[in-house]
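# Coordinate analysis (summary)
Here are the chains, one letter per residue:
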Amino acid sequence: MASSSTSLYRRRQLGSLIALTLCGIATALGLVFLIWIIWTTLLHGLAALSPALITEMTPPPGEDGGGLANAFMGSLLMVFLAVVIGTPIGVLAGTFLSEFSRGKKLGETIRFVNDILLSAPSIIIGLFVYELIVRPTGRFSGFAGGIALAFIFVPVVVRTTDEMLRLVPDVMREAALSLGIPRWKVTVNVLYRSASTGILTGILLAIARISGETAPLLFTALNNQYWSLDMTQPMANIPVVIFQFAMSPYEQWQNLAWAGAFVMTAFVLILSVVSRSFLNRKGGK
Amino acid sequence: MSEALATMPAATSTPPRRTGILGDRIFFWIVTACGLIVLAALLAAAASMLWGGLSAFRTFGFGFITGTEWDPVAGHFAGLVPIYGTLVTSALAMIIGVPVSLGIAVFITEVAPRAIRGPVGGAIELLAGIPSIIYGMWGLFTFAPFMSDYVQPILIDWLGPIPLIGALFSGAPLGIGMLTSGIVLAVMIIPFISSVMRDVFLVVPPQLKESAYALGSTKWEVVRDIVIPHTRTAVVGGIFLGLGRALGETMAVTFVLGNTHNIAISLMEPGTSIAATLANEFAEASDDLYRSSLTALGLILFVVTFIVLAAAKVMLVRMARQRGE
């Protein structure tokens, strides 16, 4: 009797050991993929890195040399446009959710919709902006690209602003309101000020998110082989150039794609790690 | 406390100073308008795609979903091939990704020494930060050759001869195809699923776990019989969140799926998905019906992901309520 119960116990221990080992292996697998992907990007990217990357334009197929200067500039402009459009809308919508819609159905609905937009397929945004802007204006343009990015940018900012404002203790609102300060001043001067790190972090996270987005730009900004600052024309940008060059059979194009991929990944990862560590410090307090 | 704050009208909370009231009123409307923009964005996206895809639905009717023909030259479009590709790659991603995510969440919350929990969790979350086009390039240039050199020949040799299942693993080891896409997608959704699971595993009341340990449960039994059942709703919510991501993922799949309008039983064969078809063909689509058909595919994708993500959200909210937030 005693021996059978020990053997049962041992079997359960063994089962537990096996299951937990599998969990460890799963984690190792995840880390292996992370290192593998970053290593690949680093390896190919560093080899292709050169100063010409930011001084020269994208080359025609099959030709040596060339860089990604026009694509970097285009990406920069479109991300900038997205930030300029998206930041006020995102922060104010977040304010609405946190400050002006407590316990209201409308607020709940918007929060729900926003969370869905947060994970909705980005190519859908591309289709939407195509119908919204490209089709009526009759051409692909940098504006369309920037607006498509703004649609992805806004939900991230709404979410973080909402969360960060809700972390501000109600005591602060009550104290400020009891002094007879109008509510909008309380929001701007007290709430924004105390949640500023968090809101800024949300904006940085959102920039990291849109800097790597390709799908929404494919049929909004399209691409442009030449240097162009004209936002009403098709515009080169890093993700679409990477896509086009990587899928091409030309070696020089593929090398440039890796260089662009390396720079973009480094930028996105550093930005998101830095802002996340800010956020964690804030949340941990 | 917060309720009182919300229902308190601005007019009674401030002394009757006209500037304050006016400022409050303006600010309230600005803020509300911005909130409504978010709501409008979703509705407008749905409406614009419905509008864009209308002529395709009108021309092909229900056959658009059941037909397999995709012929831009003849102007015949039916979406079953990309729909099939989307479903199969997502299903593969879930089959691979869910157990791995569960393993990672259990490892981080129950197994790992406290000191490495944070770094390991952070590293896994880093996977979510990598742009999807990088997954695509890595998939095409590094992972697909690896699959065709090492993994696929073994699968074809070992599993190919088995009846029934064998059909899934027959054909040439091309590297690119359904299976490779499924694996790449799995890696992409692992951080999303595992971070949801980890967060909810962490809030299981310690008393429950301690009681089970006191009854002599092993660590795995506690996870299986206490932690997972207790967090069931949120776990399923997290899985749905991952599914929503997998269905709509574009760039990675475009690189490694092969982009051929082809339905095959074998997972080694190339195919296409809705998102990949859009990414490849939309900018070049010349005539209206072609473009409309692509938009209609986008609408189908939108509706499906909306349902999946909404279900995920409902489950996660229910879990949060249970916790008493």
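Residues numbered from 1 in each chain as written. Chains lettered and ligands numbered in written order. Predicted model: local features only at pLDDT ≥ 70, side-chain atom pairs only at ≥ 80, totals over all residues. Heavy atoms only, no water.

### Remarks on the overall build of chain B
Counting its regular elements, chain B contains 14 helices and two strands. For the C-alpha atoms alone, the extent of chain B along its principal axes is close to 75 × 65 × 35 Å. Long-range contacts, defined as pairs at least 24 residues apart, comprise 74% of the intrachain contacts of chain B with a sequence gap of at least 6. For chain B, the exposed surface amounts to about 13,900 Å²; the carbon and sulfur share of it is 69%. Placing the 17 positive and 19 negative side-chain charges of chain B at their respective mean positions leaves the two points 17 Å apart. (Helix = DSSP H or I, 4+ residues; strand = E, 2+ residues; numbered from the N terminus. Contact = heavy atoms within 4.5 Å. Areas by Shrake-Rupley, 256 points an atom, 1.4 Å probe, with all protein chains shown as cover. Lys, Arg positive; Asp, Glu negative; His and termini not counted. Charge placed at Lys NZ, Arg CZ, Asp CG, Glu CD.)

### Details of a nonpolar patch on the surface
Residues and elements named next belong to chain A. A cluster of nonpolar side chains, I35, W39, L42, L43, L46 and L49, forms an exposed patch at the surface whose accessible area comes to about 580 Å². Mapped onto the elements, L42 comes out in helix α1 (residues 2-48). Here L42 falls in the partly exposed class, since its relative accessible area comes to 30%. (Patch = residues over 30% accessible without salt bridge, like charges linked within 9 Å, V, L, I, M, F, W, Y side chains within 5 Å. Salt bridge = Lys/Arg side-chain N within 4 Å of Asp/Glu carboxyl O. Buried < 20%, exposed > 50% of the residue type's maximum accessible area, 1.4 Å probe, protein only.)

### Quick notes on the domain arrangement of chain A
Residues and elements named next belong to chain A. According to the domain assignment, chain A consists of domain 1 (2-48) and domain 2 (53-284). The centre of domain 1, based on its C-alpha atoms, is set 35 Å off from the matching centre of domain 2. Counting from both sides, the interface comprises eight residues of domain 1 and, opposite them, seven residues of domain 2. In total, domain 1 and domain 2 occlude about 610 Å² of area from one another, counting both sides; carbon and sulfur atoms represent 86% of this. It is T41, H44 and A48 that lose the most area in domain 1 upon contact with domain 2, and together they represent 59% of the buried surface on that side. For the interface between domain 1 and domain 2, the tally reads zero residue pairs in polar contact (both at pLDDT 80 or more). For the side of domain 1 that touches domain 2, the class distribution of residues is four nonpolar, four polar and no charged. (Domains from an automatic or database assignment. Buried area = accessible area lost by both parts, 1.4 Å probe. Polar contact = N/O pair within 3.5 Å; in protein donor to acceptor, adjacent residues only side chain to side chain. Nonpolar A, V, L, I, M, F, W, Y, C, P; charged D, E, K, R; others polar.)

### Quick notes on the nonpolar core
Considering soluble globular proteins, one finds that nonpolar side chains tend to be buried as a cluster. Ranked by internal contacts, the top residues of the largest apolar core, which has 175 residues, are L68(A), I123(A) and Y135(B). Of all the elements, helix α3 (residues 69-100) of chain A adds the most residues to this core, at 15 residues. Contacts of L68(A), omitting those with residues within four sequence positions, involve A52(A), L53(A), E56(A), T58(A), I238(A), V241(A), F245(A), L256(A) and G260(A). Counting six residues, the second-largest nonpolar core is a separate cluster that includes I116(A), L241(B), A310(B) and A312(B). (Core = buried A, V, L, I, M, F, W, Y, C linked by side-chain atoms within 4.5 Å.)

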